[in-house]
Amino acid sequence: MLSRAQFRHIASAFAFIPFDTGGKVEKNGGARQIGPFRAMYGGKVKNAGKMIVLGTLVFLGAGLLLSGCKSAPELTQANAQTMIQAKYDQTPAVGVDITVDELGLGEGIAAKYWERTKLYPNRYWADFTLTPEGKKVLKLQKGGDVIEWHPLNAGDKNFSVLVVTVAANHLKAQDLGDPQDDLGGTKTVSYVETVRLDGVPNDLKVMSDGVGNRLSSKHIATFALDGGAWKLQSIN
């Protein structure tokens, strides 16, 4: 908005236009008269002069306002990654869910994370109890310390159980795409959300590579301007 001083400065540049002369200018004691000119045009010269001044003031005022406006700051991949990662780091760290299939069951026995404590008459059902070593690095998603391995039949290859690592980590944002303009002045950035396995024993890391485990997924983050700065709005 124009200050009073700026307005007076602009207006003073047009002070020479005779707003209130009544269309008559006298020089040298009245030697020159333009009264007939005013009579001919019905006073429109005065109004036209006012319109010119007002239009010029509006134009100059708009230019000053535009010159004072700051353009939106750039949203870079690095800025976006920093904000997304900060969001993840603010969320409590959690253990990683690992699906244990028939192959993983054998790997857990070899790593001494659990041992068979019961075999059922059908010969394909069995219970496995977590060892002290196993309890240090994992827990059962359903609770307790006994894995109830009860597939539908001897040939059931889809049966699995879920264990959770004791080591807790924050998610990681990586492989960000370029920021894209979106509706409403927002920007979106696609990226890959990855599970961290820091502090997880190698045997469990090997299990996490098994079928049914998903350690990364694609997401889209939306950013919006707030107080002249980009801020993370949502993650989908």
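Summarised in this report is the structure supplied together with it. Quick caveat, the model's predicted, so the values are computed rather than measured.

### Observations regarding the pattern of salt bridges
So, step 1. Enumeration over the complete set of coordinates arrives at five salt bridges.
So, step 2. Note that Lys 157 is salt-bridged to Glu 102, the shortest N-O span being 3.2 Å. Residue Lys 157 is found in the loop between strand S5 (146-149) and strand S6 (161-165), and its partner Glu 102 is found in helix H5 (residues 102-110); the two are separated by 55 residues along the sequence.
So, step 3. The class of Glu 102 is partly exposed, set by a relative accessible area of 42%.
So, step 4. Residues Asp 226 and Lys 231 are paired through a salt bridge, measuring 3.6 Å at the closest nitrogen-oxygen approach.

### Re unusual backbone geometry
So, step 1. For Arg 123, which is not a glycine, the phi torsion comes out positive at approximately 75°.
So, step 2. Along the chain, Arg 123 falls in the loop between strand S2 (114-119) and strand S3 (126-130).
So, step 3. Classification of Arg 123 by relative accessible area gives exposed; the value is 63%.
So, step 4. Even without being a glycine, Asp 175 presents a positive backbone phi close to 55°.
So, step 5. You can call Asp 175 exposed: its relative accessible area is 59%.

### Overview of helix H4 (residues 77-90)
So, step 1. Given a rise of 1.5 Å per residue, 14 residues ought to cover 20 Å, and the 20 Å separating the end C-alpha atoms of H4 matches this to within 8%.
So, step 2. Considered for burial, the residues of H4 that qualify are Ala 80, Ile 84, Gln 85 and Tyr 88. One side of H4 carries all its buried residues, which in axial view fall inside an arc of 125°. Counted as exposed and oriented over 90 degrees from the buried face of H4: Thr 82 and Gln 90.
So, step 3. For H4, the secondary structure elements touched by its buried residues are strand S7 (172-174), strand S9 (187-194), strand S10 (216-226) and strand S11 (229-235).

Criteria and thresholds
- Residues numbered from 1 in each chain as written.
- Predicted model: local features only at pLDDT ≥ 70, side-chain atom pairs only at ≥ 80, totals over all residues.
- Heavy atoms only, no water.
- Salt bridge = Lys/Arg side-chain N within 4 Å of Asp/Glu carboxyl O.
- Helix = DSSP H or I, 4+ residues; strand = E, 2+ residues; numbered from the N terminus.
- Buried < 20%, exposed > 50% of the residue type's maximum accessible area, 1.4 Å probe, protein only.
- Expected span 1.5 Å × (residues − 1).
- Arc of directions from axis to C-beta.
- Contact = heavy atoms within 4.5 Å.

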